[in-house]
Amino acid sequence: MQVRLVVFGRQGAGKGTQCALLAERYGVPHISTGDMLRAALSEGSPVGMEAKPFMDRGALLPDDIMIRLIDERLHASDAEHGFLLDGFPRTLGQAEALLDLLGDGIDAAIDIDVPLDVVKERMQLRARSDDTPDAIAARLAAYEDDTVPAIEHFDEADLLIRVDGLGEIDEVFGRITTVVDERISVA
Ligand code: AMP
């Protein structure tokens, strides 16, 4: 089975958890650009060094760097039979580049919808090295300004499925798999 998914969700929407479960269920690699950049950073690679100042302040990296990174990653042999993209695309430019790159090769884009006030509350309970209050606020603002247009682009292409992200992990997972299974079976 080949499944090519894009998963959207504000920081704190439970996207990482759902992506790990979905990748396991559909047997596809979980490609998280945030994880890739954090790995590059800890290795001290050139991309990591370039990414650090952006990540530290919760700002997005330039599209050209990200598009190059994801283009390379999607050409790796493990992504040949599907993938789950987490954290990419994050801008309209990245969304357009992805659809150009893959043609009609995306099965669905899932938006795990959790309202802004709920994720803000959740974020205060979480700690990550790049989770300073300023960085959190910047990431949430970048989502509204830059990522919402990317989501709308998938909506216009009839690829977007919005899923209620409130509730237990299993409940949300059930909602996502129901719509993905449906989408795959009619594809
Ligand atoms: P994440 O773990 O997905 O929240 O990503 C952590 C940080 O990596 C973000 O705050 C950005 O600085 C950077 N980043 C990850 N993915 C992208 C992307 N697609 N475009 C631009 N910057 C990104």
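Observations concerning the site of the ligand
Reasoning step 1: Taken together, 15 residues lie near the ligand, and T33, R38, A59, G87 and Q94 sit nearest.
Reasoning step 2: Within the contact set of the ligand, an oxygen atom lies 2.6 Å away from a backbone nitrogen or oxygen of A59.
Reasoning step 3: Interatomic distance of 2.9 Å between a side-chain N/O atom of Q94 and a nitrogen atom of the ligand.
Reasoning step 4: Looking at the shell around the ligand element by element, the count peaks at four residues for helix α2 (residues 33-43).
Reasoning step 5: Looking at the shell around the ligand residue by residue, the classes come out as seven nonpolar, four polar and four charged.

Let's talk about the sheet that holds strand β3 (residues 82-86)
Reasoning step 1: Reading across from one edge, β2-β3-β1-β4-β5 is the order of the five strands in this open sheet, with parallel pairing throughout. Each end of this open sheet is capped by a strand with a single partner; those strands are β2 (30-32) and β5 (160-164). Pairs of neighbouring strands in the sheet enclose a mean axial angle of 25°, with direction left out of account.
Reasoning step 2: Where α2 meets the sheet, its contacts fall on β2 and β3, and the angle it forms with β2 comes to roughly 65°.

Some points on the side chain of D111
Reasoning step 1: Along the chain, D111 falls in strand β4 (residues 108-113).
Reasoning step 2: Those residues in contact with D111 that lie beyond four places of it in its chain are F8, G9, Y143, I151, L160, I161, R162 and V163.

A word on the packing of α2 against helix α3 (residues 46-56)
Reasoning step 1: One can describe the packing of α2 onto α3 by two numbers: an axis separation of 8 Å at closest approach and a directional angle of 115°. When the axis of α2 is compared with that of α3, the two are roughly perpendicular. Pair α2 / α3 crosses with left-handed handedness. Residues G34, L37, R38, A40 and L41 of α2 touch α3, and the partners they reach there are V47, G48, A51, K52 and M55.
Reasoning step 2: Here the residues of the contact of α2 with α3 sort into six nonpolar, two polar and two charged.

Things to note about the environment of G14
Reasoning step 1: Tracing the backbone through its elements, the reader meets G14 in the loop between β1 (3-9) and α1 (15-26).
Reasoning step 2: Along the backbone, G14 and M49 are 35 residues apart, and their C-alpha atoms lie at a distance of 28 Å.

Structural notes on the pattern of salt bridges
Reasoning step 1: A full pass over the atoms with the stated rule returns nine salt bridges.
Reasoning step 2: In this structure, the salt-bridge partner of D56 is K52, at a minimum N-O distance of 2.7 Å. Pair noted here: D56 and K52 are both in helix α3, with a separation of four residues, about one helical turn.

Notes on the pairing of β3
Reasoning step 1: Summarising burial for β3: five of the five residues are buried, a large majority.
Reasoning step 2: Neither face of β3 is open: one carries G82, L84 and D86, the other F83 and L85, and all of them are buried.
Reasoning step 3: Sheet topology note: the β1/β3 ladder contains five bridges and is parallel. Paired with L5 across the bridge in β3 is L84.

Topic: the packing of helix α6 (residues 116-123) against helix α7 (residues 133-156)
Reasoning step 1: Viewed as axis vectors pointing N to C, α6 and α7 meet at an angle of 155°, and their least axial separation amounts to 11 Å. One element, α6, and the other, α7, form an angle in the roughly antiparallel class. Two packed elements cross with a definite hand, and for α6 against α7 that hand is right-handed. Listed contacts from α7 to L116, V119, K120 and M123 of α6 are I136, L140 and E144.
Reasoning step 2: Of the residues belonging to the contact of α6 with α7, the class tally is five nonpolar, no polar and two charged.

Criteria and thresholds
Residues numbered from 1 in each chain as written. Predicted model: local features only at pLDDT ≥ 70, side-chain atom pairs only at ≥ 80, totals over all residues. Heavy atoms only, no water. Near = heavy atom within 4 Å. Polar contact = N/O pair within 3.5 Å; in protein donor to acceptor, adjacent residues only side chain to side chain. Helix = DSSP H or I, 4+ residues; strand = E, 2+ residues; numbered from the N terminus. Nonpolar A, V, L, I, M, F, W, Y, C, P; charged D, E, K, R; others polar. Pairing = 2+ DSSP bridges. Axes fitted to C-alpha atoms, helices over the stretch in contact; angles between N-to-C directions. Contact = heavy atoms within 4.5 Å. Parallel < 35°, antiparallel > 145°, perpendicular 65-115°, else oblique. Left-handed = near helix turned anticlockwise from the far one by under 90°. Salt bridge = Lys/Arg side-chain N within 4 Å of Asp/Glu carboxyl O. Buried < 20%, exposed > 50% of the residue type's maximum accessible area, 1.4 Å probe, protein only.

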